[in-house]
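Breakdown of the fold
Here is what each chain is made of, one letter per residue.
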Amino acid sequence: MLEKCKTKEGLCQCADWKNGTAADWIDHIMRDYKFDRLLLDYHDLEKDFEIRLCQIGGCNKCGGQICIGTVLRPSELLDDTLARIYDEASKRWRWYREDEGFDEVFVQLFRGRDQQVARLWLDLVRAKAAALVPGEEDAHAEEGQIL
Ligand SMILES: [Zn+2]
Ligand SMILES: [Zn+2]
């Protein structure tokens, strides 16, 4: 669960995360895990590198960190990779938080120029979704409009 995750500092000491059984972790997480934030650890979105989505939280008992993140594989198309990250991150976010404001959380997962890429992708997804709403097409179908 924690292998290769960079979140090693101040790790929770209550369970044996390396050699313990999953049953021990699950029990501990159910009781004492408090979600804090999502973090995206990646090298390059467009190449064949692992993308690690960290779901970092704190332990109620010892105050240490617990990450129950996952690894995502990039797709051939950047759009698909972004969709995959969005799906996984929003699902995890919604386990703990309200839906509103997630789009901004999503954008902030990325670094530098990738934030603009993520924002453009979101705009495109929203525009496509709006175009599919029945009855809305006529109102928006002005000449010269692309979407
Ligand atoms: Zn602990
Ligand atoms: Zn992690």
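Scroll up to find the structure.
Residues numbered from 1 in each chain as written. Chains lettered and ligands numbered in written order. Predicted model: local features only at pLDDT ≥ 70, side-chain atom pairs only at ≥ 80, totals over all residues. Heavy atoms only, no water.

1. Some remarks on the coordination of the zinc ion (ligand 1)
Listed as protein donors to the zinc ion (ligand 1) are Cys-12 (SG), Cys-14 (SG), Cys-59 (SG) and Cys-62 (SG); their distances from the metal cover 2.2 to 2.4 Å. Here the donor residues of the zinc ion (ligand 1) share one chain and are spaced in sequence as C-x1-C-x44-C-x2-C. A residue pair is termed long-range when its members are at least 10 positions apart, and Cys-12 in the segment before helix H1 (22–32) and Cys-59 in strand S2 (residues 51–59) qualify at 47 residues. Looking at Cys-59, the relative accessible area reads 4%, which means it is buried. (Donors = N, O, S within 2.8 Å, 3.2 Å for Na, K, Ca; no water. Helix = DSSP H or I, 4+ residues; strand = E, 2+ residues; numbered from the N terminus. Buried < 20%, exposed > 50% of the residue type's maximum accessible area, 1.4 Å probe, protein only.)

2. Here we look at the nonpolar core
Counting 31 residues, the largest nonpolar core has Leu-40, Ile-66, Ile-85, Phe-106 and Phe-110 as the members making the most contacts within it. Beyond its immediate sequence surroundings of up to four residues, Phe-110 is in contact with Leu-40, Tyr-42, Leu-45, Leu-82, Ile-85, Gln-115 and Ala-118. (Core = buried A, V, L, I, M, F, W, Y, C linked by side-chain atoms within 4.5 Å. Contact = heavy atoms within 4.5 Å.)

3. Focus on the packing of aromatic side chains
All chains considered together, the criterion is met by 13 aromatic pairs. A ring pair is formed by Phe-35 and Tyr-96, whose centres lie 4.7 Å apart and whose planes are at 15°; its orientation type is stacked. Of this pair, Phe-35 sits in strand S1 (residues 33–42) while Tyr-96 sits in helix H2 (residues 78–96), and the two are 61 residues apart along the sequence. Classification of Tyr-96 as partly exposed rests on a relative accessible area of 36%. Each member of the aromatic cluster is reached from another via a ring pair, and the members are Tyr-33, Phe-35, Tyr-42, Tyr-86, Trp-93, Trp-95, Tyr-96, Phe-102, Phe-106, Phe-110 and Trp-121. The positively charged end of Arg-97 is found above the aromatic ring belonging to Trp-93, 5.1 Å away from the centroid. Against the face of Tyr-42 rests Arg-111, its NZ or CZ located 4.2 Å from the ring centre. (Phe/Tyr/Trp six-rings, centres within 6.5 Å; stacked < 30°, edge-to-face > 60°. Lys NZ or Arg CZ within 6 Å of the ring centre and 35° of its normal.)

4. Looking at H1
Listing the buried residues of H1 in full gives Trp-25, His-28, Ile-29 and Asp-32. For H1, the arc enclosing every buried residue in end-on projection is 100°, short of the 170-degree limit, so these residues lie on one face. Relative to its buried face, H1 has exposed residues pointing more than 90 degrees away, namely Ala-23, Met-30 and Arg-31. Summarising the contacts, the buried residues of H1 are in contact with S1, S2 and strand S3 (65–67). (Arc of directions from axis to C-beta.)

5. Description of the packing of H2 against helix H4 (residues 112–132)
Across the interface, H2 lies against H4 with an axial gap of 11 Å and an inter-helix angle of 85°. By the angle between their directions, the pair H2 and H4 is classed as roughly perpendicular. Across the interface between the two elements, Leu-78, Asp-79, Leu-82, Ala-83 and Tyr-86 from H2 touch Val-117, Trp-121 and Leu-122 from H4. The class makeup of the residues in the contact of H2 with H4 is seven nonpolar, no polar and one charged. (Axes fitted to C-alpha atoms, helices over the stretch in contact; angles between N-to-C directions. Parallel < 35°, antiparallel > 145°, perpendicular 65-115°, else oblique. Nonpolar A, V, L, I, M, F, W, Y, C, P; charged D, E, K, R; others polar.)

6. Looking at the pairing of S2
Of all nine residues that make up S2, eight are buried, and the element is covered over most of its length. Here three bridges tie S2 to strand S4 (residues 70–72), and the two strands are oriented antiparallel to one another. Bridge pairing in S4 links Ile-51 to Leu-72. In the sheet, S2 pairs with S3 via three bridges, with the strands oriented antiparallel. (Pairing = 2+ DSSP bridges.)

7. Looking at the pattern of salt bridges
Two side chains with opposite charge may pair up if their charged atoms get near one another. This model, assessed by the stated rule, comprises nine salt bridges. Of the charged contacts in the structure, one is a salt bridge between Asp-103 and Arg-126, with a shortest N-O distance of 2.5 Å. You can see Asp-103 sitting in helix H3 (residues 102–108) and its partner Arg-126 sitting in helix H4, a full 23 residues away along the chain. A residue is classified by how much of its surface remains accessible, and Asp-103, at 22% relative accessible area, is partly exposed. Judged by its relative accessible area of 43%, Arg-126 falls in the partly exposed class. Several salt bridges converge on common partners, so that one network encompasses Glu-88, Lys-91 and Arg-92. (Salt bridge = Lys/Arg side-chain N within 4 Å of Asp/Glu carboxyl O.)

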